[in-house]
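Remarks on the overall topology
Okay, here's what each chain looks like letter by letter:
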Amino acid sequence: MVKTFQAYLPSQCHRTYSCVHCRAHLANHDELISKSFQGSQGRAYLFNSVVNVGCGPAEERVLLTGLHAVADIYCECCKTTLGWKYEHAFESSQKYKEGKFIIELAHMIKDNGWE
């Protein structure tokens, strides 16, 4: 049996996003790129980097902005699917998404210092 260790964002990260199901940290607000994305269950945010997230295998999907190779991402703590990671964008205008992460709002909450 493999034990996974949960990462905690530093306490100086005043605004963080956490998994709504188990409260594991997912991302620092400073890593947020855009709030203008659409997931399979509604609105979603694009992040530069995330923590406590595992990746499934990449597969090609036709999304609203064209064909992409994406991998579903899930919370390492509770195993809930959160969104996806962009592995490859086939259109040059979408290349900025490569290596970035989508997390659907339905699966995250704001923690620490939001006003």
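Residues numbered from 1 in each chain as written. Predicted model: local features only at pLDDT ≥ 70, side-chain atom pairs only at ≥ 80, totals over all residues. Heavy atoms only, no water.

An unreviewed UniProt entry lists the protein chain under the name Protein yippee-like, with Capitella teleta given as the organism.

Here we have 6 strands laid out as an open sheet, ordered 3-4-8-7-6-5, and antiparallel in their pairing. With one partner strand each, in any of the chains shown, strand 3 (32–39) and strand 5 (53–63) form the two edges of the open sheet. With strand direction ignored, the average angle separating the axes of adjacent strands in the sheet is 30°. Bridge count for strand 5 against strand 6 (residues 66–75) is 9 bridges, and the pairing is antiparallel. Within strand 6, the position partnered with Cys55 by the bridge is Ile73. (Pairing = 2+ DSSP bridges. Helix = DSSP H or I, 4+ residues; strand = E, 2+ residues; numbered from the N terminus. Axes fitted to C-alpha atoms, helices over the stretch in contact; angles between N-to-C directions.)

Relative to the assigned elements, His14 resides in the segment before strand 1 (16–19). Note: C-alpha distance between His14 and Asn28 (14 residues apart in sequence) is 8.3 Å.

What follows deals with the pairing of strand 6. Burial analysis of strand 6 places 7 of its 10 residues in the buried class, the great majority of the element. Count of turn residues in the strand 5/strand 6 antiparallel hairpin: 2 residues. Here strand 6 runs beside strand 7 (residues 81–89); their pairing, made up of 7 bridges, is antiparallel. Each residue of the ladder has a partner; that of Ala69, found in strand 7, is His88. Remark: 5 residues form the turn of the hairpin made by strand 6 and strand 7, two consecutive strands paired antiparallel; Lys79 in that turn has positive phi of roughly 70°. (Buried < 20%, exposed > 50% of the residue type's maximum accessible area, 1.4 Å probe, protein only.)

Looking at chain direction, strand 3 and strand 4 (residues 42–47) are connected through 5 bridges and run antiparallel. In the strand pairing of strand 4, Gln38 is matched with Arg43.

Looking now at a positive patch on the surface. Taken together, Arg15, Lys35, Arg43 and Lys110 make up a surface patch of like positive charges. Position of Arg15 relative to the elements: it lies in the segment before strand 1. (Patch = residues over 30% accessible without salt bridge, like charges linked within 9 Å, V, L, I, M, F, W, Y side chains within 5 Å. Areas by Shrake-Rupley, 256 points an atom, 1.4 Å probe, with all protein chains shown as cover. Salt bridge = Lys/Arg side-chain N within 4 Å of Asp/Glu carboxyl O. Lys, Arg positive; Asp, Glu negative; His and termini not counted. Charge placed at Lys NZ, Arg CZ, Asp CG, Glu CD.)

All chains considered together, the criterion is met by 4 aromatic pairs. Each ring, one from Tyr17 and one from Tyr45, has its centre 5.9 Å from the other, and the planes form 90°; the classification is edge-to-face. Residue Tyr17 is located in strand 1, and its partner Tyr45 is located in strand 4; the two are separated by 28 residues in the primary sequence. As far as burial versus exposure is concerned, Tyr17 and Tyr45 are alike and both buried. Taking the centre distance of 5.3 Å and the plane angle of 70° together, the rings of Tyr17 and Phe47 count as edge-to-face. (Phe/Tyr/Trp six-rings, centres within 6.5 Å; stacked < 30°, edge-to-face > 60°.)

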